[in-house]
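# Architecture at a glance
Here is how the chains run, residue by residue.
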Amino acid sequence: MQMEDSTHIMVTICEDANCDNEFPYFDQSDFDELNWGTHLPHWHQDGKYVFVTFRLHDSLPQEKLQWLYEEKESWLKRHPQPWNEKTTKEYIDKFGKAVDKWLDSHFGECLLKKTSNRKIVENALLFFGGKRYELIASVVMPNHVHMLIKLNEEHKLIDIMRSTKSYTAKKINENENRTGPVWQSESYDRLIRDQKHFDNVVRYIIANNKDLAWVKASIVADCVSQSEN
C-alpha cells in the first residue's frame, strides 16, 4: 500500500501481521544458512522476515569511510570471526547506526533522487517481490534503499541481493548513459527478532519518507491511525 496521506504521523501495525501458522522471526538455534561478506554475516532462514539496507557506491564521504575502516580494523582484531549473535548485534549497533546517520545526510551523486532511477529500483523490488521473496515494505531514498522482506526456501538472501543489484545497476547506467559501479558490494541485513522489532522496522521505513514508502496492504489495512501529536 502506498502511504500517500502526509498527515500520517504515527503508525500502529496490525497485531495479526503474522497471519500464517509459522513463526516468522529469527530462530537463534538455526545458523546453518550463514554466509560471510567482507565483514558482515548474512543469515538466511526460510520463512523469516529480514530488514535489508543497501546503498550507492558513493553514498559515504571518504573521511567517513577512512574512520569506518580504521575503527572496524581495530574492532575486528578484538572480535575475530566467526561471531555469535551478541557480537553481531554489537557490530551492527556500533557501525550500522553510524552509517545510517551518514546516509541520511544524502552524500554523493544521489542517483536515486532522480524519479526515473528511483522507479527502476521500486519496480524491481515489486517485481522480484512476487517471485523471489515476499515484499513487506520498502522505501528508495536518494542514496540508499530500505526493504523488509520475507524469505523463502527457493531463493537465498545473498542471491536475492546480488541479482537485484546487478539488474538495477545495469538499468540505472543505461538510463544515465554512464558506466561504472552503482551499488556498494555489501548490504546490511538483520533478521527480525519479534513482533515489536517488525513494527519498529515498518515505522522506520515509513518515517524515512512517508510519501514514497510502500507497505503491503494486508499489513496496515485498517490499522493506520492518525495523530496530531
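Keep in mind the model is a prediction, meaning the values are calculated, not measured.

### Describing the side chain of Arg 178
Along the polypeptide, Arg 178 turns up in the loop between α4 (157–176) and β6 (188–191). Of the side chains with opposite charge, Glu 109 lies nearest to the buried Arg 178, which makes no salt bridge, at 4.4 Å. A distance of 2.6 Å separates the side chain of Arg 178 from the side chain of Asn 173, its partner in a polar contact. Only 3.5 Å separates the side chain of Arg 178 from the backbone oxygen of Pro 181, close enough to count as a polar contact.

### Some remarks on the pairing of strand β3 (residues 49–55)
Counting buried positions along β3 gives seven out of seven residues, so the element sits mostly inside the fold. Residues of β3 alternate between two faces, with Tyr 49, Phe 51, Thr 53 and Arg 55 on one and Val 50, Val 52 and Phe 54 on the opposite face, all of them buried. Sheet topology places β3 next to strand β5 (residues 144–150); seven bridges connect them, and they run antiparallel. If you follow Phe 54 over to β5, its bridge partner there is Val 145. Pairing analysis gives four bridges linking β3 to β6, with the strands arranged antiparallel. Of the residues in β6, the one forming a bridge with Val 50 is Leu 191.

### What to know about the pattern of salt bridges
Tallied over the entire structure, the rule returns five salt bridges. The shortest N-O distance in the salt bridge between Arg 118 and Glu 122 comes to 2.9 Å. Residue Arg 118 and its partner Glu 122 are both found in helix α3 (residues 115–129); the two are separated by four residues, about one turn of the helix. Owing to a relative accessible area of 14%, Glu 122 belongs among the buried residues under this scheme. Among the charged side chains, a network of salt bridges with common partners joins Arg 118, Lys 119 and Glu 122.

### A word on the sheet that holds strand β7 (residues 214–215)
The five strands lie next to each other as β6-β3-β5-β4-β7, forming an open sheet whose pairing is antiparallel. Two strands bound the open sheet, and with one partner strand each, they are β6 and β7. Here two bridges tie strand β4 (residues 134–140) to β7, and the two strands are oriented antiparallel to one another. Following the sheet pairing, Ala 137 is matched in β7 by Val 215. Seen against the sheet, α3 touches β3, β4, β5 and β7 and runs at an angle of roughly 170 degrees to β4.

### Description of helix α5 (residues 195–208)
Taking 1.5 Å as the rise per residue, α5 with 14 residues should run 20 Å; its terminal C-alpha atoms sit 20 Å apart, in good agreement. Among the residues of α5, His 197, Phe 198, Asp 199, Val 201, Val 202, Ile 205, Ile 206 and Asn 208 are the ones counted as buried. For α5, the side-chain oxygen to backbone nitrogen distance between the N-cap and Lys 196 is 3.3 Å, and the N-cap itself is Asp 194.

### A word on the pairing of β5
Where burial is concerned, most of β5 is hidden: seven out of the seven residues are buried. Note: β4 against β5, six bridges, orientation antiparallel. Within β5, the residue paired with Glu 134 across the bridge is Lys 150. The turn linking β4 back onto β5 is made up of three residues.

Cut-offs used in this document
- Residues numbered from 1 in each chain as written.
- Predicted model: local features only at pLDDT ≥ 70, side-chain atom pairs only at ≥ 80, totals over all residues.
- Heavy atoms only, no water.
- Helix = DSSP H or I, 4+ residues; strand = E, 2+ residues; numbered from the N terminus.
- Buried < 20%, exposed > 50% of the residue type's maximum accessible area, 1.4 Å probe, protein only.
- Lys, Arg positive; Asp, Glu negative; His and termini not counted.
- Salt bridge = Lys/Arg side-chain N within 4 Å of Asp/Glu carboxyl O.
- Polar contact = N/O pair within 3.5 Å; in protein donor to acceptor, adjacent residues only side chain to side chain.
- Pairing = 2+ DSSP bridges.
- Contact = heavy atoms within 4.5 Å.
- Axes fitted to C-alpha atoms, helices over the stretch in contact; angles between N-to-C directions.
- Expected span 1.5 Å × (residues − 1).

Read these as geometric descriptors, not functional statements.
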